[in-house]
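A look at the structure
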Amino acid sequence: MNQKPYLIAEIAQAHDGSLGILHSYIDAVAKTGVHAIKFQMHIAEAESSIHEPFRVSFSREDATRYDYWKRMEFTLAQWAGIKQHCDEVKLDFICSPFSNLAVDWLEEIGVHTYKIGSGEVNNFLLLEKIAQTGKPVIISSGMSSFEELDKTVEFLKQRKVDFSILQCTTAYPTKPEQYGFNIISELKQRYKVPVGFSDHSAKIATGIAAVALGAEILEFHVVFHRDMFGPDAKASLTLEETKLLVEAVNEIYIANSNPIDKNTNESFGELKAIFEKSLAINKDLPQGHLITFDDLESKKPKGYGISATDFEKVIGRTLKNPKSQWDFLNEEDLV
């Protein structure tokens, strides 16, 4: 792992359509240490219809899923202000478009990277629109089989798109048996591109494990509190948990970047002298006594008697002189 994992905090719909709450998330996320903040750009008329069902029936104020997307909208001018705020606090502005019109808007305001949601992996119309921008792309593999991913990867490669793939399970929150950590290495071997993990478990440990297992990108939902309104709140990390995750992931990166060589232990010389032990006598013994196993003890520090490692070499040998209980046993004490 040559670079620290790229950490993306996703806001998604946590703002619940409030521009003020969204801007407060930008300020809060900027204090956590992540590299990027991710949004979803919903333009209801361009991406949805009144026929779209709710994934989770959570809303008491939106009669249809279309109504919900309509309430999640911001104007192009408002999105420009959001992007400017991200620039000011030095967060990369990443966004998932759900329509070609959203791509036009994102190009106008200057998106850093496009994120392709799990439901859009097979939407080649949208992928073609994004490919034409020349911007980097991150794909979530959540609902896709390898057969489907192969087609999408080939589509992007033909268009020379700079892309990466995230192992993702479309379940909110994700249970441990659904994480699919094994897919991280499988994606790397299959596609030879940067691979990461998109997390919906609401647990710090999941992201730490993913990075330890080779994830180069880590994306996770964030929320001020998991009891807040919205479909993703229960599958999100709090801002406080996000800070802890960033610290832990950076330590994992340092650990992975510094492999230990077990062929040498020279650096432990001083400690070994303190912790390792010398042979000693556990009872008063007369001159001429034949040493048995039951006569021996090991005492710190090393170097004051025969090494405890070599105890077998002294069994059956004769004492030259009497020894008192707890005396160290040295070679000159033996015939």
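Structure's up top.
What comes next concerns the included structure. (Residues numbered from 1 in each chain as written. Predicted model: local features only at pLDDT ≥ 70, side-chain atom pairs only at ≥ 80, totals over all residues. Heavy atoms only, no water.)

Here we take up the packing of helix α6 (residues 124–131) against helix α7 (residues 146–158). At a closest axis distance of 10 Å, the pairing of α6 and α7 adopts a crossing angle of 30°. Relative to α7, the element α6 is oriented roughly parallel. Seen along the crossing, α6 lies across α7 with a hand that is right-handed. Of the residues in α7, those touching α6 at F124, L127 and E128 are K151, T152 and F155. Of the residues in the contact of α6 with α7, the class split is three nonpolar, one polar and two charged. (Axes fitted to C-alpha atoms, helices over the stretch in contact; angles between N-to-C directions. Helix = DSSP H or I, 4+ residues; strand = E, 2+ residues; numbered from the N terminus. Parallel < 35°, antiparallel > 145°, perpendicular 65-115°, else oblique. Left-handed = near helix turned anticlockwise from the far one by under 90°. Contact = heavy atoms within 4.5 Å. Nonpolar A, V, L, I, M, F, W, Y, C, P; charged D, E, K, R; others polar.)

Inspection of the secondary structure puts S99 in the loop between β3 (92–97) and α5 (100–109). On the basis of relative accessible area, S99 is assigned to the buried category, the value being 5%. For S99, the residues in contact, after removing those within four places along its chain, are I43, A46, E47 and L126. (Buried < 20%, exposed > 50% of the residue type's maximum accessible area, 1.4 Å probe, protein only.)

Let us now look at the side chain of H85. By the secondary structure assignment, H85 is in helix α4 (residues 76–88). Only 2.7 Å separates the side chain of H85 from the side chain of D27, close enough to count as a polar contact. Sequence-distant contacts of H85, that is, excluding residues within four places in its chain, are made with H23, I26 and D27. (Polar contact = N/O pair within 3.5 Å; in protein donor to acceptor, adjacent residues only side chain to side chain.)

The next thing to look at is helix α1 (residues 19–30). In this model, α1 (twelve residues) spans 17 Å end to end at C-alpha, consistent with the 16 Å of a helix rising 1.5 Å per residue. Taken together, the buried positions of α1 are occupied by L22, Y25, I26, A28 and V29. Along its buried surface, α1 packs onto β1 (6–10), β2 (36–41), α4, β8 (217–223) and α10 (239–256). (Expected span 1.5 Å × (residues − 1).)

For the bond from Y172 to P173, the omega torsion is -10°, close enough to zero to count as cis. When you line up the elements, P173 lands in the loop between β6 (163–168) and α8 (182–191). Geometrically, the link from K300 to P301 is a cis peptide bond, its omega value of 0° lying close to zero. Structurally, P301 can be placed in the segment after β11 (296–299). A positive phi angle, near 55°, is found at K160, a position not held by glycine. Within the secondary structure layout, K160 lies in the loop between α7 and β6. Positive phi is not limited to glycine here, since A202 has a value of about 65°. With respect to the element layout, A202 can be found in the loop between β7 (195–199) and α9 (204–212).

Taking every second residue as pointing to the same face, both faces of strand β10 (residues 278–281) are buried, with S278 and A280 on one and L279 and I281 on the other. Pairing geometry for β10 and β11, over four bridges, is antiparallel. Residue pairing for β11: I281 is matched across the bridge by L296. (Pairing = 2+ DSSP bridges.)

A separate point is empty space enclosed by the protein. Counted according to the given criterion, the structure contains one cavity of 30 Å³ or more. The space that makes up the largest cavity amounts to roughly 50 Å³. Here the residues of the lining of the largest cavity sort into seven nonpolar, four polar and one charged. (1 Å grid on protein atoms, 1.4 Å probe; cavity = no way out; pocket = protein on both sides within 12 Å on 5 of 7 lines; lining within 4 Å. Points joined across faces, edges and corners; volume = space filled by probe spheres on them.)

Burial along strand β5 (residues 137–140) is two-sided: the face carrying V137 and I139 and the face carrying I138 and S140 are both buried. Judged from the three bridges that link them, strand β4 (residues 113–116) and β5 form a sheet pairing that is parallel. Residue pairing in the sheet places K115 in a bridge with I138 of β5. After leaving β5, the chain enters α7 and then returns to the sheet as β6, a path that is right-handed. (Right-handed = clockwise from strand over helix to strand, strands pointing away.)

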